[in-house]
Amino acid sequence: MRDAISSRGAGGAALALTLGLLAGCAVFEPSAQAPAPAPAGALFDETEILALTPDAAGAAALQEAARAGGYRLRRTRALTGLDLILLSFDLPAGVTGPEAIEALEAAVNVATVGVNHAYALQQSGGGAALDYADALLGWPAGGCAAAMPIGLIDTAVDPAAPPLAEVSVVSRSFVDGAEAPARHGTEVASVLADPRRLRGATLYSAAVAAPAGTGGRAGVDTLMLALDWLAAEGVRLVNVSLAGPYNKLLDQAMSRAQDRGLVVVAAVGNDGRAAEPLYPAAFDRAIAVTAVDADGRIYRNAVRGAHVDVAAPGVDVRVAAQGDAHAARFVTGTSFAAPFVTARLAADPAFAAAGGGVAAARAVIAATARDLGPAGADDTFGAGLLSAAGVCDPTLN
């Protein structure tokens, strides 16, 4: 710590003067998981440093300390749904992200500081296959009535897409350029809320990625803003088909979201069997979903690990082509496995009536899944293949 501060001269010394300013206040404890370092190119914005504080006093103290250290404040945003304050600063010239994290957290001990990691959509090229998914899962013929509203953190959704004709879509964009409907979010929403599967759904669409400008990536700040909005709107079930490195800011936001009853269902990612776990799926606070094909074989690019909870169809999944109810595309990736799990939970009236929750969701999924691979839960399939058999009585809703 002394080396990191002294390397910035007077600015570092000024930061050190505020050490312990808020001593005695609660400090966020990161997840017990030990993530690997983020790979090169994993940052959404290399010039930015982000911070979360629990209250206005912490935010004011951090701004004062940062100003003394040569950091320029970009913006401050109140995350009222998560009871947090998000601050963004420009990194001073010559200061690295790790140096900034160490110095600012030492200056204000209630602050959680981190770089702005990037999270990418988990889609790959698809081929042509039969429309097998609902039969593989045992989905009730005629579909189920949605028992709870659903959040979707992705690209913007086209509410005019044929499978979404009966869906009430509430949209909000959290990044410039993400307002226009995009294929990825629309297709994930179509898997999630197709009336053959889920009827009368209300979908809260949080657009965090703008494919034209960012290559389908989202910053961790936009993920937190989306979680905050969904929490404030009372949404308790959220689908995320983005994945990236561990970030302790996202860890804290996920912890607050869980405290408020949110269940986050997340794609494990498409980086392959040798990859380190990707987040948010790798958080204990999320339901991590991998992908299989029509024969129950694992998707070759799916990430493996002890965090995997369940498998669902994600190879050559049929979706309606955007703007054409009669044409179809076949899509592949863990992005398209996650919404089957989200839809199964949203269709379950018993789960909704019990108030949801991550532990309850994991228990329901594990108790009904069909074992795949070695006997018992494993790092490839988790508890096994998702089952929707008997999740609802279509004649009653």
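Colleague: Can you break down the pairing of strand S9 (residues 202-207) residue by residue, with the values?
Modeller: Within a regular strand, side chains alternate between the sheet's two faces. Summarising burial for S9: five of the six residues are buried, a large majority. Direction of pairing for strand S7 (residues 168-173) relative to S9: parallel, over a ladder of six bridges. Within the sheet, the bridge partner assigned to Ser171 lies in S9 and is Ser205.

Colleague: Lay out the packing of aromatic side chains in plain terms, naming residues and giving numbers.
Modeller: Overall, the coordinates contain five aromatic pairs when judged by the stated rule. A centroid spacing of 5.3 Å and a plane angle of 75° characterise the contact between Tyr246 and Tyr279, whose relative ring orientation is edge-to-face. Remark: Tyr279 occurs in the loop between strand S13 (263-267) and strand S14 (286-292) and Tyr246 occurs in the loop between strand S12 (242-243) and helix H9 (248-259); sequence separation between them is 33 residues. Judged by its relative accessible area of 15%, Tyr246 falls in the buried class. Among the aromatic residues, those joined into a ring-pair cluster are Phe174, Tyr204 and Trp229.

Colleague: An account of the sheet that holds S13 is requested, with residue identities and associated values reported.
Modeller: Strand order in this open sheet of seven strands is S7-S9-S6-S11-S13-S14-S15, and the pairing throughout is parallel. Strands at the two margins of the open sheet, each flanked by one partner only, are S7 and strand S15 (310-313). Direction aside, neighbouring strands of the sheet carry axes that sit 25° apart on average. The sheet contact formed by strand S6 (residues 150-154) and strand S11 (residues 237-240) spans three bridges and is parallel. Of the residues in S11, the one forming a bridge with Leu152 is Asn239.

Colleague: I'd like a description of unusual backbone geometry, backed by residues and values.
Modeller: The omega angle of the peptide bond from Tyr279 to Pro280 is 15°, so this bond is cis rather than trans. Of note, Pro280 is situated in the loop between S13 and S14. Phi angles above zero are rare outside glycine, and Asp316 is one such case at about 55°. Overall, the relative accessible area of 16% leaves Asp316 in the buried class.

Colleague: Go over the pattern of salt bridges with me, naming the residues and quoting the values.
Modeller: What the rule picks out here adds up to 17 salt bridges. Linking Arg74 and Asp90 is a salt bridge whose minimum nitrogen-to-oxygen distance equals 2.4 Å. Of this pair, Arg74 sits in strand S2 (residues 72-79) while Asp90 sits in strand S3 (residues 84-90), and the two are 16 residues apart along the sequence. Judged by relative accessible area, which is 27%, Arg74 ranks as partly exposed.

Colleague: Any details on the state of the cysteines? Residues and values, ideally.
Modeller: For the coordinates displayed, the defined rule picks out one disulfide. The disulfide that involves Cys144 links it to Cys392, with 2.0 Å between the sulfurs. Between Cys144 and Cys392, the S-S dihedral sits near -85°, and the bridge is therefore left-handed. Here Cys144 is found in strand S5 (residues 144-145), whereas its partner Cys392 is found in the segment after helix H12 (358-368), with 248 residues between them in sequence. With a relative accessible area of 10%, Cys392 lands in the buried category.

Colleague: Can you explain the packing of helix H6 (residues 183-193) against helix H10 (residues 338-346)? Please cite residues and give values.
Modeller: Where H6 meets H10, the axes come as close as 8 Å, and the angle between the chain directions of the two elements is 40°. The angle between H6 and H10 places the two elements in the oblique class. As H6 runs across H10, the sense of the crossing is right-handed. Contact residues: H6 offers Val188, Val191 and Leu192, while H10 offers Pro339, Phe340, Thr342 and Ala343. For the contact of H6 with H10, the class distribution of residues is six nonpolar, one polar and no charged.

Conventions used here
Residues numbered from 1 in each chain as written. Predicted model: local features only at pLDDT ≥ 70, side-chain atom pairs only at ≥ 80, totals over all residues. Heavy atoms only, no water. Buried < 20%, exposed > 50% of the residue type's maximum accessible area, 1.4 Å probe, protein only. Helix = DSSP H or I, 4+ residues; strand = E, 2+ residues; numbered from the N terminus. Pairing = 2+ DSSP bridges. Phe/Tyr/Trp six-rings, centres within 6.5 Å; stacked < 30°, edge-to-face > 60°. Axes fitted to C-alpha atoms, helices over the stretch in contact; angles between N-to-C directions. Salt bridge = Lys/Arg side-chain N within 4 Å of Asp/Glu carboxyl O. Disulfide = S-S within 2.5 Å. Parallel < 35°, antiparallel > 145°, perpendicular 65-115°, else oblique. Left-handed = near helix turned anticlockwise from the far one by under 90°. Contact = heavy atoms within 4.5 Å. Nonpolar A, V, L, I, M, F, W, Y, C, P; charged D, E, K, R; others polar.

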